[in-house]
Structures are given as C-alpha cells and as structure tokens.
There are 4 protein chains.
Amino acid sequence: MTDIATPPPPTAEEQEQIEKLYSDFDDQHLIPLWTQIGDLMPQTPSPSAVPHVWRWKTLLPLAERAGDLIPVGRGGERRAIALANPGLAGRPYATPTLWAAIQYLGAHEVAPEHRHSQNAFRFVVEGEGVWTVVNGDPVAMRRGDFLLTPGWHFHGHHNETDQPMAWIDGLDIPFVHYADTSFFEFGTENVTDESTPDVSRSERLWGHPGLRPLSGLRDTVSSPIGAYRWEHTDRALADQLDLEAQGFPATVEPGHAAVRYVNPTTGGDVMPTIRAEFHRLARGVQTRTRREVGSSVYQVFEGQGELVLDGEPHAVEKGDMVVVPSWVPFSMSSEHGLDLFRFGDQPIIEKLAFHRTYIEGEDA
Amino acid sequence: MTDIATPPPPTAEEQEQIEKLYSDFDDQHLIPLWTQIGDLMPQTPSPSAVPHVWRWKTLLPLAERAGDLIPVGRGGERRAIALANPGLAGRPYATPTLWAAIQYLGAHEVAPEHRHSQNAFRFVVEGEGVWTVVNGDPVAMRRGDFLLTPGWHFHGHHNETDQPMAWIDGLDIPFVHYADTSFFEFGTENVTDESTPDVSRSERLWGHPGLRPLSGLRDTVSSPIGAYRWEHTDRALADQLDLEAQGFPATVEPGHAAVRYVNPTTGGDVMPTIRAEFHRLARGVQTRTRREVGSSVYQVFEGQGELVLDGEPHAVEKGDMVVVPSWVPFSMSSEHGLDLFRFGDQPIIEKLAFHRTYIEGEDA
Amino acid sequence: MTDIATPPPPTAEEQEQIEKLYSDFDDQHLIPLWTQIGDLMPQTPSPSAVPHVWRWKTLLPLAERAGDLIPVGRGGERRAIALANPGLAGRPYATPTLWAAIQYLGAHEVAPEHRHSQNAFRFVVEGEGVWTVVNGDPVAMRRGDFLLTPGWHFHGHHNETDQPMAWIDGLDIPFVHYADTSFFEFGTENVTDESTPDVSRSERLWGHPGLRPLSGLRDTVSSPIGAYRWEHTDRALADQLDLEAQGFPATVEPGHAAVRYVNPTTGGDVMPTIRAEFHRLARGVQTRTRREVGSSVYQVFEGQGELVLDGEPHAVEKGDMVVVPSWVPFSMSSEHGLDLFRFGDQPIIEKLAFHRTYIEGEDA
Amino acid sequence: MTDIATPPPPTAEEQEQIEKLYSDFDDQHLIPLWTQIGDLMPQTPSPSAVPHVWRWKTLLPLAERAGDLIPVGRGGERRAIALANPGLAGRPYATPTLWAAIQYLGAHEVAPEHRHSQNAFRFVVEGEGVWTVVNGDPVAMRRGDFLLTPGWHFHGHHNETDQPMAWIDGLDIPFVHYADTSFFEFGTENVTDESTPDVSRSERLWGHPGLRPLSGLRDTVSSPIGAYRWEHTDRALADQLDLEAQGFPATVEPGHAAVRYVNPTTGGDVMPTIRAEFHRLARGVQTRTRREVGSSVYQVFEGQGELVLDGEPHAVEKGDMVVVPSWVPFSMSSEHGLDLFRFGDQPIIEKLAFHRTYIEGEDA
C-alpha cells in the first residue's frame, strides 16, 4: 500500500513455519489481523449490501399470491415478505441493520397479537381498512400514514373490509438478530380492542402541535404517537415549498422539502434505532449528491423520478423501493415532482458517534 | 427551638462587647449568620409575595384610560401595566421572578421593535387585530392564542384595526433584574414586516404534530413556534376529557385536563425560565390541594369558579388574574366548568434542583 | 433615547388625569412599564452589588472576637460572619445570589447537625483540625481543601484540637431566599460520627481519577465527592504550567492555569447553583480583561497580586476576598505568582441560557 | 406453538403453487417472514457466539512464534492475533461486536502510526517498555494499565527495550464492519514523538480526581484520559473492600468490588461503543448468577478462580480470556481472590434501549 522498504519475502523454510503457525492459530480459534486488515478495516465503508430497486408492480402481485396460499396466524404470525439485499448472502435483510417488507392482509383477516424487542413501523402507500392495535389502542391505517409499534408494545392487525390491504413494514430485525437482543412474547389470538375509530387515542393525547399532556410528562424512548397522518405530512411539505417560493429559508436545498418524524417527548427520532422522514421534490429539481454513513430504504409515494446510486440511474415510480447502503453516493431528480418516504439506521450511527456526511460541493 | 442546655445569657460587660463587635462588623460590611438564620433559612418557603387577585373588569378600564393618555413609542416602548404583588414592596413584580402585565394597543397604533435578554410571551383573553412581528415573522394575535418572543428576538406590535386590543404579557423581568442578566437593544420604529397573514411562518415550519423540518435539526433553547393556537389547545383538552369519559388515562386527576406548551426541538418548556400551561376543569370538579416550590400566575380564560389559596376562597371569572406564591396550598373548583391559562417559574426551580411538590392525600 | 419625533408634552389637564390614573394604578397594585423600563431593563447588566475587597487580616480578628463572645449551638447554628456587599442594602449577601462568610470554630467546639435545601461548601485558607460530618461521613478539613455539603445533606462540624480554626463558607442562601425554595431541618446536637479519619469515605469511593464505583452508577445532581484535596489541585495546576512550558496547550491563557471542581457523575459543576474553580498565575503574568454574566467571589490562597475591577486596581494578599459582580470588567496580575480560589453563580446563568462572555481582544 | 385450531395442511396442488411462489420470491430477492420468524426473532437472545476460554499459556507462545516469523509494519500494521469465537463461522470476532486480540511487539520494534474510526484500547496483563503514541502523546504501558485510542486518533507503538512485550487489544472492529462505518488512514512510519515519559500529557491534564482543566470544557465523545493506571484501580478496589469490611455500602455485592473506567467529561463510558471495568473478588466469594443483554470479554489479571457460563464451570488463572455472549448465565467464584479486567458492548445496547438484566434471586 505504500512504497517504503518492505521486509524480504519469507524463505521456503520460514514459509513452512508460517503455515504451521497459521494451522496452530486455527486449532486455537485464533486469526491474525495482518492477513485480514484490508477487508476488515477499509479506508471508507465498503458495504456488502448493494444498491437495489424492488418494483411495486412486482411486489404486490407476489403478495397477493401469498394471500391466496399462505394463512396468517399463530406461528407464522404475519404475512410479510422481506426485501433480501442481493449482497447479503440470502438473508432477509434490506440492509445490515434494517428489515423492509410488504405485508398483506386479506379481507377480514386478523394477524394475532404479539410483542418483541424489535422496533417496528408501517407505512401505507395505498389502501385502507386495516386497524393496527398497539397496546390496546386501535390505529386506523390509511394512505400516506406512518404508524409506530415501538419495541415491547403488544400489537395485532385486523382488516375490517372486504378488500385486501398491503403496506410496508420496517423493523430493526437484522440489528436485533446481530446484537443478540431479541425478546419475543405471544399475545392474544384476536386483537384486544376491535373498535375502529378514525383516530387513535395516542393521537388524541399527543397529536396536538407543541402541546404535551400533563399526564405524560415522563420522556419515553420511543414516540408515544401511534400514527403520523398524511394530511399533516402533506401540509408541512407544501408549506416548506411555499415559504421557499416567498423567499424564506425552509427547505433542505432548493425545491427539496423534507420532514423528519419525531418523538414529541424529546424532539429526537421516533424509535431508538430507526429514523423516518418524508421528502418532496418540486418539479424539475435535482438534488446534490450525498454520501452518508448508515443505510436507508426509500419508497416512492407518488410521482416519478430518477434516483442515482453510485452513478447508476434508476427510474422509479409509485411504490418502488430502493436501498441505499452506507456511504453510497446518492441523488434524486424529478421532472414532474416526486414524494418519497425514507427510513434508515442513522440513530444507531449517530448515538455511537460514527456519523459523517459528504455533500458534493460542500467542504468535507 | 430545642430544650437542650443553652449557654447563660451574656453579662452586661459581655453585652457591651457584643454590641461593639456588631458595630465593627457593620463598619467592615459584615453581618453575622446567627442573628439572621431564622428569616434567611426558613423551615419551609416563606415568600414575601402574597396570594392576590386582580380583576379583569378593573384592569381593562384602567388600560383604556392609559390608552387615552399615554402615547406608545420609543422610550416607554410599550403601554403595559404590571401587576405589583402587595408583598413585594412596591416593585412591579407579580412574583419574585415573574412579570405579568396587561398591554393595550389602540387602533392603528404601533409599538416599536426592540429586543432584550428577557423572555416574553403574550396570551390573549379577548380580541384580535394585532400582529406581533418576531424576528421579522408577523404573528396574528387572536383569543386563546399563546405567543412567544424568546430572549434576544426582535419584536414589535401593530394594530391593524379600528379597535383597541388588550392582552397579557408574561416575562422574566424580575429574575433578569435580580440576577443582573439584562441586555436590551432598540430596533426599528415600525415593524419590519407589515404583512398580516393568518398564520406565521414559524407555524408553517414547526406547527405540524410530530414533524420536524430537516432545515431545523439544531435544538434551540426556546421554542421555534411563534404561536400556539387556541383551536389546538381547545381540542387537546376536549380530547383528554373525552378519553377520560371513555375510561382511559388522559387527565391529571378526574375532570381536570391540562396541557403544557412545549419546545418541539426538546419536548421541554417553551423558554428557559418560563413554563406555560392550560388547564380545564369539567363541571362540578374540585381539584386536590397542591403545594409546589416556585411561583405561578393564573388567568381565567372562560367560565367561573373558585380558587382556594392558603385556605382562602376567591371567586373568579373571565380575565381575572391570580398569583400563587411558592409553597402556598392551592386548589380549584368549578360548578359549570373553568378554563385557565397558567404560567410559572418552575423551569428555574427544576433546573436548579429545588423542586418539591406536595399533593394532599399523597405520600410526601 | 432616540431623536425621532416625540409626541407633544401633556397639557395641564392631561397631566392631572395622568396623575389620577397613576394613583388609581397604585390603589389596584399596578405599576406602568413606561416609567420604569430604563432601570428594569438596562442595555447591559447594571448590578446593585459593587466590587469590594474584604481583608483577611480584618476578617480573622473579628471572627476571633466572635469566638470569645458568641457561643455556637442550636438556634444560631453556626458562628459564621457574612460578607455584606455595600451595594445590597444591608443584606448579608456577597452578591445577589451568593453567600460568603468566614466561619470560626473554637478548640473542641461542635457546630450541631442540620440540613437545608441550600447548597454549601467550605474552603480552607489556613489551619486544620476540624472534621465536617456530611450524611454521617467524617471529612477532615485542611489547608487548600474544597469541601462539599450539597443541598439536603445533614452536616455538623467538630474541632478536635486545642486551637481554633477558621475557614470560608459559600452558599446559595441569597438565591434560595429570593426564589422561595428554602427547606431546613435540625439534626443531632453532636455529630453522628466522631471518628477522625484522614480521608472521607466519599473520597475512597469517588476520588480515583476516571474510575466510577459500580455501586454508584446513578448520576447525582451534586458531586458525591466530599473533599477535593489540595495535593491534587496543586499538582493539576503545576502540570498545566509545566505542559505549557514544554509547548503544549494546557492553560487558559499564557501563564494562567485553572481547574474547575466537577461532579464525577456528569463532568459538570459540583452543585446545581455553584461553580468552583482554582486559578494560578505564574510570575509576571497579566490576564486579559473579561466580562462575564453572573457574579463571583475570589479568595487569595497564596501569593500577592493585583486585581483590577472596573478599572480600579486592588492589591491583594493571602486570605483577601473580592467580589466581582455581573459584567464588571476584571483582570488579574502578579509579579511573583498568585493562587486564587473562585466560586460563582454561573451554573444558574448557564442553565437559564443567559450566559455571555466578553474577552478583551476577542471578537464578541 | 399454541394449540389453537390451525388451518388444514396445503393440498398437493397448493404445495406446488407455494413452491412456485417461493421460487418467484427468490428470483425477486424476497424472503417470507413466516418461514424464518423463529430463528430471526427468538423469545430470548439466542447468540451464535458461544462461551469460550482462551488460555494465556497457549496465547503467549503463539504470539512469540509470530514475533519470530511475521514482521510488523505498513500493510499488516500490527502483530495482533484475534480470538475467533468458535460460533462465529471463522471470523476473527470474539463476539458479534467485539474484537479481542493479543498484540506482540519485539525488542525495539515499531508499529507504524495510523488512525481509524474503530475505537480501541489496550490492557496490560504483564510486562512493560512499550509506549503507545496517541495523537502525538507518548503513553507508557505497564502491567495493570488500561490505555485508550479512541476512534480517529492517530496512534503507533514502539518498544524501547531489549525484551518483547505482549498485551491485549480490544476494539469494535466487528461492529464497525457490520454497520459499514469504517474509515482508515495511514500515518507516519515511525511514531511522531519518541520521548518516553512516565506519564502522558493526557494524564497530567485529566488525571486529577474531580478536577477539570478550564482549557478542556468541551465534552468529548471519548475519554481524554490516555492511561488509567493500575495504582489507581488497585487502590479503588481495595478501598471498596475495606469500606465494606467497616460496614459501609461500597461493593456491588458482598466481597465483590468493581469500578468502571469512565470519560471524565461526562461520567459515562470511555468510548461510544465499549464499556470497560475491573472486578475484584475477595477470598471465598461466590457472585450471584447474572444474565445481561450484550456481550463481554473477561481477562484474568491475577489470582485463580472459577467462572460458570451457562452452567459450565471453567477454572481460570492469570491471563486467561473468556467470552460471555449475550444473555448467557454467568457467575464467578474464587477461593483465594481473583482480579479480572472486563470489557463489553453494553454502551451500544443501552444507547439503543435494548438493555435488560436478570440477577438470580432478584425480581425480574
């Protein structure tokens, strides 16, 4: 790697001794650093996970076929089909830390209650009619909504309509598996509250801007808001673009509005391991190229555009899901406007002080 | 105070020497603890400030007379009339830490811009038509709204109507004066943005529940929300009482709904020195008696009821303002329902670790 | 204050109405802002407290006289004589927030145990032989030691020698009195543990650099270290000057070494309201002039030098105590070297976000 | 898993369709949850890593042989031999998150400077004579010392003696590799400061108990202390056992003293991903059995004893290294006393809110 004077190569006898040494290492469950360091400690992140696009028009029919063939219930627990990153050796992982799946619930089906240390959310790209019941609080699921089931909250789902419904799930299953932090417990077969209110109790307590109930003064590690509704997200983004048009600072970069979903008790990320955001590109916008430590998954919510990953352009449309591994150069553009939901593992990266961002055209 | 053996009283000669000693102390700017300790360090807080009620029907006519006689403008800066606690020796202080005043702006008047290290808010018990312009952002003032001008933000007010308008101001002027932390700077004679939008830019950026703009990821010591609107406060309180009626935990105590106004970047108080809350008592509710370290000011927003301070009942109605000094037993009741705005110095008390609360019927 | 067009002066009739209005304000416990604003909200801090120097050679003999005449015991509690800032109207306050006193305990005397919400420390400029017993832990007091009795810790003192001993006390009595946060409770007449170990138990648990006992993983609002020993302070300062001499960054400014006493559970100030530091000037050093929001008290520990407050030089020597009110320009110099103990109310100022510092020659 | 009515098994035709579906999933890089959930989301942590013991008397001779055969220098960078957990598929990982290795430096050898985002420490079980130079600060390495090289600090090592020296390295290499957060940069061939002081500059600035330099008021993510010396650790542990013997609370459990190495700017762990502690068992002590989420590595520093992992006893002596995977029941005992160094990934687990501890005999 450097052109300084290097020691002479080993003699044949030395080489034999080295091989014997390595064999003895092996017997003793030991591995030398010097044969591994380049792969183990690369000069910049060198993820096994690769950029990849999954098409909604492929995902949905496969989920429908699963709906016909695979029952949902105790044991299997959920009819969820995970994105398996082609670089991750056949594991059901979108990135090393993140699980992303399409979940499908047929007309009048019920997914039974359980709880686990894994943190979970749902995001709805289309449809409605399912309620997710989180610690006994029924939460309606509708297009554009972002819904939380933080770690160790009981939850089940039930479809109250004659139509199936599909949505995406995001969890930290790969991280929890990796770090050996999984706890799991079964709950009831049916959801514990079958009522179907328009808004959850969590929203009635916590969904008023800048107002905190006096009955909820203790901070919580995850957001107490069960549902972040599309109407608010949509208006927040429209407001940012409108303020920008009037000449005021509001957007991330020109024509690029974005909000982060946050825990109102802290102002921080919604769950300890998962960040979630919504991005809107106005017509004709091209973002700067960014590299960021940590991995993300995007889902197109509306519109059409082009995502460039590591120099490779991908045309995307509604429902398409894209994985952006750590430190991969990434940019977005759209001729007619583009709405994207995004989630990522940045809370892990930042809490452990590994965050770095490189934005093309800015000083490092 | 204890019946242990106490030393014999001083002889006449000793007494003379003691007097000479005290006189020498005085010459050297010294004061002994032993003659002062009972007053200086009482066994429980013994405030000079006293409980007191100011009536809106008295305050408003006096403010109107001031409107006729006293111009508003540079020098005097504001036509604000402060509650002067009868226990605080003629100082314009509601409590040792808090300033509370009625401010009055005549038709088409302008209060010029300035900024200061003191933190300020407005609360509107009636009327509308004034815009407060905070760091260039015009904020409409309407009944029930709670409006912020945190420390060192430029601000001015202008009345766009043919009617006068009055509201209350709350600031930490007494604390800032006490602790010698005052900085003050004049701004422009007229407000820097004379437009009159329904909602401020701060609300458009920050007023969406659980959503944080990506352009605003740095936490701020005070809330970036310029206006907390009545419609949200009212609905949050109604939701709490409704949830309680359905059997779910939501209120502080039976029939007593309450929200705290918070800084969305932290989930904590809106400004470093001032807490603000809104309380609603349902019909027929009687709260428990509480003592709390720190002082508060209440204003009745709507309804009628009775506040009991240190055992003394006070009937109150719309606009009435009441001071509750530190550690004074306090309870509220109402036959037909009561809405109250409250602010206090508890952020000071809590950050410095002096908080204690005693609630009648609970263990200390 | 500005030369814009001002309204015409009131007519005689108006003046009469204004006087009637002001009289009506007074009846209703109201005070207008516009007559007060200049004093209430100055453009920079305008403290009533004044810079002042108390001489140790004056303080100590007065304390000795008090030792002869005034018993120590229940009721008076402590033979402590407070610095009364000449600007603070005869109150026993060194600054608006801080109490500073010389305490004197005769041979074999005992100051009985009590506890209070006020935070306290001792600093020893000379002598030894007294143990302060804090929550049952006997803490030896020796020259150069800084000793804590945080709020609500029981404490008493006993002199085990045939010689009297004097030291200084620092407390937040004025702040606690001001903010109405005082709680006080009597304890036993004699100290609860009469043993006289060289080091306290708190030091044995917490006094090892960078090591935290696993039995003490919960953070505490005040430092759990009962005594900060002179040997450590002295060595830390010597090390800084030595590192500086070797060309490494270590000091605050050339020739000016300084340490802050901290809470090892947080790295922050030792108590919620009080900062304490030790400063050492090498020979021939002249510090830059500083203004800082918040007030401080210095005591010379060793050496001679000159302190300049608001342009006025004061020659100081061992034991002399000096008050620096908020925002007063302050610098120090010494021909032969100077060691100073300092305490101040900066934790109050910083937690409430009022801190500003101006250093001569730096950008504001 | 439950005995509720389960759906009938698929017919042969359905089975064929299911197989086709699974094959289509595979083509599209999709994997269903329902076939994986038991392994992916176990009811309690089910680590692949296994408890294992490496013997010092095996490790050291292998390291010596490597010293004879393998040069140290640019490219290989370090002569370090990693513990490869038998459950982790041939990777050089002690646990999923932690790297543990023996490093060996021959007489007068130099390991060149580099820096990386990985956090590293050294612990010395025997020997001395090497200096590790961290960001230009030479740090002597001696028996019992714990030495830091936090992420992105340049560091190299040089042996100033005629004797080789071996020590252990701990890093978060597996976590950094997993999460794709690796940055690495080469430095100089020789160390940047070849001086050999007894104490590092970092210790002179930061190694005084409870004292923080005023030149270092900004908190740092990792500890600024380069070396935690054995003399302090030893005395802290001896003090805890002595206090316990006198009847005061000081130890974790009877006869079990322990300290955590901490960052003095925060009171928290020394580095963002790695916790380090030292434990001492008095003679005849048997600890309670504990389970903890997160993985640890112990090294015996002195004495002999028995470690029980998952019910299996292991006799250990000086230098032996033991891995305790997540949630594995663990206890220690010793007839004649035992000193152990421990490090683990608990900062990762706790910051991400996955921590749980179960102690035998306590309520869950």
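Definitions and cut-offs
- Here the residue numbering is sequential within each chain, running from 1 through the sequence in written order.
- The naming scheme follows written order: chains are lettered A onward, ligands numbered 1 onward.
- Local features in a predicted model are, by the rule used here, given only for residues with pLDDT of at least 70; side-chain atom pairs are given and counted only at 80 or more, and totals for whole chains, interfaces and linings are based on all residues.
- Remark: hydrogens and water are excluded; side-chain values derive from all non-hydrogen atoms of the structure.
- Here a helix means four or more residues in a row that DSSP labels H or I, a strand means two or more in a row labelled E, and each is numbered from the N terminus.
- Burial status follows relative accessibility: with a 1.4 Å probe on protein chains alone, a residue under 20% of its type maximum counts as buried, one over 50% as exposed, and anything between as partly exposed.
- The contact rule is simple, with two residues in contact once any of their heavy atoms fall within 4.5 Å.
- Throughout, the Shrake-Rupley method with a 1.4 Å probe supplies accessible areas, and for residues the shown protein chains are the sole cover considered.
- In summary, the charge assignment counts Lys and Arg as positive and Asp and Glu as negative, without counting His or the chain termini.
- By convention, charge coordinates are those of NZ in Lys, CZ in Arg, CG in Asp, or CD in Glu.
- Alignment of the copies relies on least squares applied to C-alpha atoms, considering only residues that score at least 70 for pLDDT in both.
- Buried area: the accessible surface (1.4 Å probe) lost by two parts on joining, summed over both.
- Salt bridges are identified by distance alone: a Lys or Arg side-chain nitrogen within 4 Å of an Asp or Glu carboxyl oxygen.
- As used in this structure description, the phrase polar contact means that two N or O atoms lie within 3.5 Å; if the pair is within protein, one of them must be able to donate a hydrogen and the other to accept it, and residues adjacent in sequence are counted only when both atoms belong to side chains.
- Any residue outside Ala, Val, Leu, Ile, Met, Phe, Trp, Tyr, Cys, Pro, Asp, Glu, Lys and Arg is labelled polar, Gly included; the first ten of those are nonpolar and the last four are charged.
- In this scheme, strands are said to pair when DSSP sees at least two bridges between them.
- Working definition: a ring pair exists when centres of Phe, Tyr or Trp rings (six-membered ring for Trp) sit within 6.5 Å. Plane angles under 30 degrees give stacked, over 60 give edge-to-face, the rest tilted.
- Remark: a charge is flagged as sitting over a ring if the NZ atom of Lys or the CZ atom of Arg is within 6 Å of the ring centre and within 35 degrees of the ring normal.
- Where helices are involved, their axes are fitted lines through C-alpha atoms of the stretch in contact, as for all axes, and angles between N-to-C directions lie from 0 to 180°.
- By definition here, a helix of n residues has an expected span of 1.5 Å times n minus one.

**Concerning the overall build of chain A**
So, step 1. Each helix and strand in chain A was counted, giving seven helices and 25 strands.
So, step 2. Each principal axis of the C-alpha distribution contributes one length, and for chain A these read about 80 × 55 × 45 Å.
So, step 3. The proportion of buried residues among the 364 residues of chain A is 61%.
So, step 4. Taking all contacts inside chain A whose residues are at least 6 apart in sequence as the whole, residues at least 24 apart take part in 76%.
So, step 5. Accessible surface, chain A as shown: approximately 13400 Å² in total, 48% of it carbon and sulfur.
So, step 6. Across chain A, the centroid of the 29 positively charged side chains sits 6 Å from that of the 52 negatively charged ones.

**Concerning the environment of Gly210(D)**
So, step 1. Mapped onto the elements, Gly210(D) comes out in the loop between α5 (201-206) and β13 (211-213).
So, step 2. A C-alpha to C-alpha distance of 8.2 Å links Gly210(D) and Pro264(D), two positions 54 residues apart in sequence.

**So, the relation of the copies chain C and chain B**
So, step 1. Overlay of chain C on chain B (RMSD 0.0 Å): rotation 180 degrees, translation along the axis 0.0 Å. The two molecules are tied by a two-fold rotation axis, judged by turn and shift. In terms of proximity to the rotation axis, the leading residue of chain C is Lys351(C), whose C-alpha is 3.4 Å off the axis.
So, step 2. The share of interface residues of chain C whose copies in chain B are also at the interface is 100%, consistent with both copies meeting through the same surface.

**Considerations on the interface of chain C and chain B**
How big an interface is tends to be expressed through the accessible area that disappears when the partners come together.
So, step 1. The interface is formed by 94 residues belonging to chain C together with 94 residues belonging to chain B.
So, step 2. In this assembly, chain C packs against chain B so that about 8100 Å² is buried in total across both faces, 73% of it on carbon and sulfur atoms.
So, step 3. On the surface where chain C and chain B come into contact, there are two salt bridges.
So, step 4. Linking Arg65(C) and Asp24(B) is a salt bridge whose minimum nitrogen-to-oxygen distance equals 2.7 Å.
So, step 5. Our count for the chain C to chain B interface comes out at 22 residue pairs in polar contact (both at pLDDT 80 or more).
So, step 6. In terms of residues, the side of chain C that touches chain B owes the most to one element, helix α1 (residues 12-27) of chain C, which gives eight residues.
So, step 7. A per-class count over the side of chain C that touches chain B returns 55 nonpolar, 24 polar and 15 charged.
So, step 8. The pairing of strand β1 (residues 30-32) of chain B with strand β3 (residues 80-83) of chain C spans three bridges and is antiparallel. What sits directly across from Ile31(B), in β3(C), is Ala82(C).

**What about the pattern of salt bridges?**
So, step 1. Evaluation of the coordinates by the stated rule reveals 108 salt bridges over all chains.
So, step 2. Across the pair Arg204(B) and Asp239(A) runs a salt bridge whose closest N-O atoms are separated by 2.9 Å. One end of the pair, Arg204(B), is in helix α5 (residues 201-206); the other, Asp239(A), is in helix α6 (residues 230-245), on a second chain. Of the two residues, Arg204(B) and Asp239(A), neither departs from the other in class, the shared state being buried.
So, step 3. Two residues, Arg229(D) and Glu203(D), come together in a salt bridge whose shortest N-O distance is 2.8 Å. Placement of the pair is Arg229(D) in the loop between β14 (227-228) and α6 (230-245) and Glu203(D) in helix α5, with a sequence separation of 26 residues. In terms of burial, Arg229(D) and Glu203(D) fall into one category: buried.
So, step 4. Here the residues in one salt-bridge network are Arg260(A), Glu277(A), Glu292(A) and Arg342(A), joined through shared partners.

**A few points about the packing of aromatic side chains**
So, step 1. As enumerated under the stated definition, the model contains 98 aromatic pairs over all chains in all.
So, step 2. With a centroid separation of 5.2 Å and 55 degrees between ring planes, the pair formed by Trp230(C) and Phe278(C) is classed as tilted. Taken together, the residues span a long stretch of sequence, with Trp230(C) in helix α6 (residues 230-245) and Phe278(C) in strand β16 (residues 275-281) at a distance of 48 residues.
So, step 3. Given a relative accessible area of 18%, Trp230(C) falls into the buried group.
So, step 4. Through pairs of rings, three or more aromatic residues link up here, namely Phe121(A), Phe123(A), Phe146(A), Tyr228(A), Trp230(A), Tyr261(A), Phe278(A), Phe301(A), Phe341(A) and Phe343(A).
So, step 5. Here the basic side chain of Arg143(A) rests over the ring of Phe301(A), its NZ or CZ set 3.8 Å away from the ring centre.
So, step 6. Sitting over the face of the ring of Phe248(C), Arg201(D) holds its NZ or CZ atom 3.5 Å from the ring centroid.

**Remarks on unusual backbone geometry**
So, step 1. The phi angle at Ala353(A) is positive, at roughly 65 degrees, despite the residue not being glycine.
So, step 2. Note that Ala353(A) resides in the loop between α7 (346-351) and β25 (357-359).
So, step 3. Residue class for Ala353(A) comes out partly exposed when judged on its relative accessible area of 28%.
So, step 4. With phi around 70 degrees, Trp327(D) is a residue other than glycine that occupies positive phi space.
So, step 5. In this fold, Trp327(D) is placed in the loop between β22 (321-324) and β23 (330-334).
So, step 6. Judged by relative accessible area, Trp327(D) falls into the buried class, the value being 11%.

**Some details on the sheet that holds strand β6 (residues 120-123) of chain C**
So, step 1. Spatially, β1(B)-β3(C)-β4(C)-β11(C)-β6(C)-β9(C)-β14(C) is the arrangement adopted by the seven strands of the open sheet, whose pairing is antiparallel. Single-partner strands in this sheet number two, and they are β1 of chain B together with β14 (227-228) of chain C.
So, step 2. In the sheet, strand β9 (residues 146-149) of chain C pairs with β14(C) via two bridges, with the strands oriented antiparallel. Across the sheet, residue Phe146(C) finds its bridge partner in β14(C), namely Tyr228(C).
So, step 3. Contacts from helix α3 (residues 56-69) of chain C reach β1 of chain B together with β3, β4 (99-105) and β11 (165-171) of chain C, with the element oriented near 50 degrees to β4(C).

**Some thoughts on the interface of chain D and chain A**
So, step 1. The interface is formed by 94 residues belonging to chain D together with 94 residues belonging to chain A.
So, step 2. Ranking the residues of chain D by area buried against chain A places Tyr178(D), Phe183(D) and Phe354(D) at the top, with a combined share of 10%.
So, step 3. Applying the counting rule to chain D against chain A returns two salt bridges.
So, step 4. Among the elements that line the side of chain D that touches chain A, the one with the most residues is helix α1 (residues 12-27) of chain D, at eight residues.
So, step 5. Along the lines of polarity and charge, the residues of the side of chain D that touches chain A split into 55 nonpolar, 24 polar and 15 charged.

**With respect to α6(D)**
Residues and elements named next belong to chain D.
So, step 1. With 16 residues, α6 extends 22 Å between its outermost C-alpha atoms, agreeing within 8% with the 22 Å of an ideal straight helix rising 1.5 Å per residue.
So, step 2. Listed as buried for α6 are Trp230, His232, Thr233, Ala236, Leu237, Asp239, Gln240, Leu241 and Leu243.
So, step 3. Gly247 lies just past α6 and shows a positive phi near 95 degrees.

**Re the sheet that holds strand β22 (residues 321-324) of chain B**
Strands pair in a sheet through their backbones, by hydrogen bonds, and they do so in one of two ways: parallel or antiparallel.
So, step 1. Here we have seven strands laid out as an open sheet, ordered β13(A)-β15(B)-β16(B)-β24(B)-β19(B)-β22(B)-β2(B), and antiparallel in their pairing. Single-partner strands in this sheet number two, and they are β13 (211-213) of chain A together with β2 (52-54) of chain B. Across the sheet, the mean angle from the axis of one strand to that of its neighbour is 25 degrees, orientation sign disregarded.
So, step 2. As defined by bridge partners, strand β19 (residues 296-303) of chain B adjoins β22(B) across four bridges and the pair is classed as antiparallel. Paired with Ser296(B) across the strands is Val324(B), a residue of β22(B).
So, step 3. Seen against the sheet, helix α6 (residues 230-245) of chain B touches β13 of chain A together with β15 (256-261), β16 (275-281), β19 and β24 (338-344) of chain B and runs at an angle of roughly 140 degrees to β15(B).

From the geometry alone we can't say anything about function, so treat these as descriptive.
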